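Read off the chains here:
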Amino acid sequence: MVKVNKTNSAIHDSHFSLPKGWRWARLGEVCSVHPGQHVLESDYNNEGVGVGYLTGHADFGKIYPRVTKWTEKPKTWCEPGDVLVTVKGAGVGKSNLAPSKRVAIGRQLMAIRPRPGLVDQIFLYHVMNICFSELQANALGSTVPGLGRKDIESLEIPLPPLPEQKRIVAKIQELIQELSLIHI
């Protein structure tokens, strides 16, 4: 089980042993984290003028977000290959894959950028989905729950070697395809 623990460094459950060649890694060691920044309401539009602007989990789909706002005054970007995570509000902890084009992100989002050769984007996306409950449980704030950059960077995940990550992703995709063929 992956846990976020704000008070001590023993984040993962010591009863969870990893396969040979795997290791525990903090996201901040294997990814860079890019917090979004607020763009004033007067600086974005719904007419498609400027660059895409994602404001929060309301823009999220099942896997990819949908751009519904644009801005000519972007402050922070997510890049293709990033994993987006909602860090403020009711959708805290929800993840999506970044769009295929560079877009601006608002303060309710953070872009997690895997370091090349260390983490596969799709593997990271699945890990972040597994961490959803833990992220939600650890979000601070009674009115608007939220996670900070350090919360995301200190999240400890089981990390297999890159070829194993790719095999895991392929198996997940195969199983999803099989499930989509089953009519219940």
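Participant: Help me understand the overall build of the protein, please; the structure alone is not making it clear to me.
Facilitator: Helices and strands together make up the secondary structure of the protein, namely five helices and 11 strands. Here the C-alpha radius of gyration of the protein, 17 Å, is about what a compact globule of 184 residues would show, namely 16 Å. By principal-axis analysis of the C-alpha atoms, the protein measures approximately 55 × 45 × 35 Å. Put simply, the protein has 184 residues, and 40% of those count as buried. Within the structure as shown, the protein displays about 10,100 Å² of accessible surface, and the carbon and sulfur contribution to it stands at 55%.

Participant: What exactly am I supposed to notice about the sheet that holds strand S9 (residues 103-105) here?
Facilitator: Pairing between the strands of a sheet comes from backbone hydrogen bonds, and it takes one of two forms, parallel or antiparallel. Judged by pairing direction, the sheet is mixed, and its five strands sit side by side in the order S3-S5-S4-S9-S6 without closing on themselves. Only two strands of the sheet have a single neighbouring strand rather than two, namely strand S3 (44-45) and strand S6 (77-78). As paired strands, S6 and S9 are joined by two bridges and run antiparallel to one another. Within S9, the residue paired with Trp77 across the bridge is Ala104.

Participant: What should I look at first to understand the pattern of salt bridges in this one?
Facilitator: Pairs may arise between side chains of opposite charge once their charged atoms sit close together. Tallied over the full model, the rule gives nine salt bridges. In this structure, the salt-bridge partner of Asp43 is Lys73, at a minimum N-O distance of 3.5 Å. Of the two residues, Asp43 sits in the loop between strand S2 (31-35) and S3 while Lys73 sits in the loop between strand S5 (69-71) and S6, which places them 30 residues apart along the sequence. Among the ionic pairs, Lys171 bridges to Glu174, the shortest N-O distance being 3.3 Å.

Participant: Explain the pairing of strand S11 (residues 156-159) here, please?
Facilitator: Every other side chain in a regular strand lies on the same face of the sheet, so the side chains alternate between the two faces. Across the two faces of S11 the burial is the same, with Glu156 and Pro158 and Ile157 and Leu159 all buried. Direction of pairing for strand S1 (residues 23-26) relative to S11: antiparallel, over a ladder of four bridges. Following the sheet pairing, Arg26 is matched in S11 by Glu156.

Rules of the game
Residues numbered from 1 in each chain as written. Predicted model: local features only at pLDDT ≥ 70, side-chain atom pairs only at ≥ 80, totals over all residues. Heavy atoms only, no water. Helix = DSSP H or I, 4+ residues; strand = E, 2+ residues; numbered from the N terminus. Rg over C-alpha atoms; globule rule 2.2 N^0.38 Å. Buried < 20%, exposed > 50% of the residue type's maximum accessible area, 1.4 Å probe, protein only. Areas by Shrake-Rupley, 256 points an atom, 1.4 Å probe, with all protein chains shown as cover. Pairing = 2+ DSSP bridges. Salt bridge = Lys/Arg side-chain N within 4 Å of Asp/Glu carboxyl O.

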